[in-house]
Amino acid sequence: MEHLKRIKRELAYKGTLINIYKDTILIDNNREANYDFIEHHGASAINPSDKDGYIIMVRQYRNAIDDYTLEIPAGSLNAGEDNMTCAIRECEEETGYKPLKAEHLIDVHTTVAFCNEMIKIYYSDDIVPSMQNLDDGEFINVERHSLDDLISMIYSGKITDAKTVAGLLALKHKLFYK
């Protein structure tokens, strides 16, 4: 059943991480509707676990929700970068811990209603202390939490970030069914 067809896409804004378009969609071959579309070039995230089994998390301010969030380390792909390399790089930059290896867990489209962002999420239990290297304008506090405490924070509404929720629940499932 194909009732919708994109017939036009116009660039409204070109950014460094995203591009915003106005799409015109033909519905049932007889009427048009406009949609906003945000194009994202991909991202990666990782659940890094230290030798004691604690997950290394980042707490940072997020302007879009005007609040601080507790998240797994993540970031956008650099040009030509593969997802696993991105996850390892972002973990080291944001937390000061470098994963020596990583394993793929899950892929998540974050907001399918208006954005194509895909985040590939990884897991590492082989991390070594390194050095935090934050981007300009980035202020991150690093925290260690047990996976069970983090899962409780999801269900109590203290963690609401989609990639973090998906990544932690996927990790819990993986470890439970190991």
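From a predicted model like this one, the values you see are computed outputs, not experimental measurements.

Thresholds applied
Residues numbered from 1 in each chain as written. Predicted model: local features only at pLDDT ≥ 70, side-chain atom pairs only at ≥ 80, totals over all residues. Heavy atoms only, no water. Salt bridge = Lys/Arg side-chain N within 4 Å of Asp/Glu carboxyl O. Helix = DSSP H or I, 4+ residues; strand = E, 2+ residues; numbered from the N terminus. Buried < 20%, exposed > 50% of the residue type's maximum accessible area, 1.4 Å probe, protein only. Arc of directions from axis to C-beta. Contact = heavy atoms within 4.5 Å. Core = buried A, V, L, I, M, F, W, Y, C linked by side-chain atoms within 4.5 Å.

1. Concerning the pattern of salt bridges
Applying the stated criterion across every chain yields a total of 17 salt bridges. Salt-bridge contacts for D23 lead to R9; the nearest nitrogen and oxygen are separated by 2.7 Å. Residue D23 is found in strand β2 (residues 18-27), and its partner R9 is found in strand β1 (residues 4-14); the two are separated by 14 residues along the sequence. Look at D23 and you get buried, because its relative accessible area is 4%.

2. Quick notes on helix α2 (residues 147-155)
Looking only at α2, the buried set comprises L147, L150, I151, M153 and I154. Here the buried residues of α2 occupy an arc of 155° about the axis, which is enough to place them on one side. Buried residues belonging to α2 abut β5 (55-62), β6 (67-71), β12 (140-145) and α3 (162-176).

3. Some thoughts on the nonpolar core
Residues I55, M57, I121, L150, I159 and L168 are the most contacted members of the largest nonpolar core, which totals 22 residues. Mapped onto this core, the elements with two or more residues apiece are β4 (43-48), β5, β9 (103-109), β10 (118-124), α2 and α3. Of the residues forming this core, the biggest block, 5 residues, is contributed by α2. Those residues in contact with I55 that sit more than four places away from it in its chain are P48, S49, E143, R144, H145, L147, L150, L168 and L171.

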